[in-house]
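The chain contents come next:
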Amino acid sequence: MSKVITASGRRKASTAQVKMMPGTGKITVNGVDVNEYLPFEVLVMDLKQPLVVTNNENSFDIEVVVRGGGYSGQTGAIRLAIAKALLAYDENTDPNSETSYRKILKAEGLITRDPRIKERKKYGLRKARRAPQFSKR
């Protein structure tokens, strides 16, 4: 069965589209290996978290197209997209059983989209909340 599962995820200003197919655990981001694309090992570990939690590190090959934002936001977007793809792969399993991916991923907080985005700049201020320096004299 060579079923391709697609999913998308978002975080901050980043959007990621994931294609997940049975394979050996190879992850490609924008045509480049994930270890070359992301500069820090911590980000790679964070990105692989849904696969590690569900014991699928070497079960799927994943191709990712990600746009916008920085490395942290892109990593969060990819992580959410991978979690959604795993849910789609496991859709026929009873969601109440202890081995369902939904129960495992939800317990780890990997299904929830992080809604935090950059606050807009207000007039009269330097940034969203940073006021100009006050001078008494």
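So, here's what we can say about the structure. None of these values were measured; they are calculated from a predicted model.

For the rest of this paragraph, the subject is the nonpolar core. Judged by nonpolar contacts, the single largest core of 29 residues is most densely connected at Met20, Val29, Ile62, Val64, Ile78, Ile82 and Leu86. Elements supplying a minimum of two residues to this core: β1 (5-11), β2 (14-22), β3 (27-29), α1 (34-37), α2 (41-47), β5 (60-67), α4 (71-89) and α5 (101-107). Setting aside anything within four residues of it in sequence, one finds Met20 in contact with Lys3, Val4, Ile5, Phe60, Asp61, Ile62, Ala85, Leu86 and Tyr89.

Let's shift gears to unusual backbone geometry. Positioned with a positive phi, Asn30 is a non-glycine residue whose angle comes to about 50 degrees. Following the sequence through the fold, Asn30 ends up in the loop between β3 and β4 (32-33). We note that Asn55 has phi near 55 degrees; this positive angle belongs to a residue other than glycine. One can find Asn55 in the loop between α3 (49-53) and β5.

On β1, burial follows the alternation: Ile5, Ala7, Gly9 and Arg11 on one face are buried, whereas Thr6, Ser8 and Arg10 on the facing-out side are not. Of the pairings in the sheet, the one linking β1 to β2 comprises seven bridges and is antiparallel in character. Within β2, the residue paired with Gly9 across the bridge is Ala16.

Taking strand neighbours across the sheet as the criterion, the five strands line up as β1-β2-β5-β3-β4 in an open arrangement whose pairing is mixed. Sheet topology places β1 and β4 at the edges, where each strand pairs with a single neighbour. Seen against the sheet, α4 touches β1, β2, β3 and β5 and runs at an angle of roughly 145 degrees to β1.

Criteria and cut-off values
- Residues numbered from 1 in each chain as written.
- Predicted model: local features only at pLDDT ≥ 70, side-chain atom pairs only at ≥ 80, totals over all residues.
- Heavy atoms only, no water.
- Core = buried A, V, L, I, M, F, W, Y, C linked by side-chain atoms within 4.5 Å.
- Buried < 20%, exposed > 50% of the residue type's maximum accessible area, 1.4 Å probe, protein only.
- Helix = DSSP H or I, 4+ residues; strand = E, 2+ residues; numbered from the N terminus.
- Contact = heavy atoms within 4.5 Å.
- Pairing = 2+ DSSP bridges.
- Axes fitted to C-alpha atoms, helices over the stretch in contact; angles between N-to-C directions.

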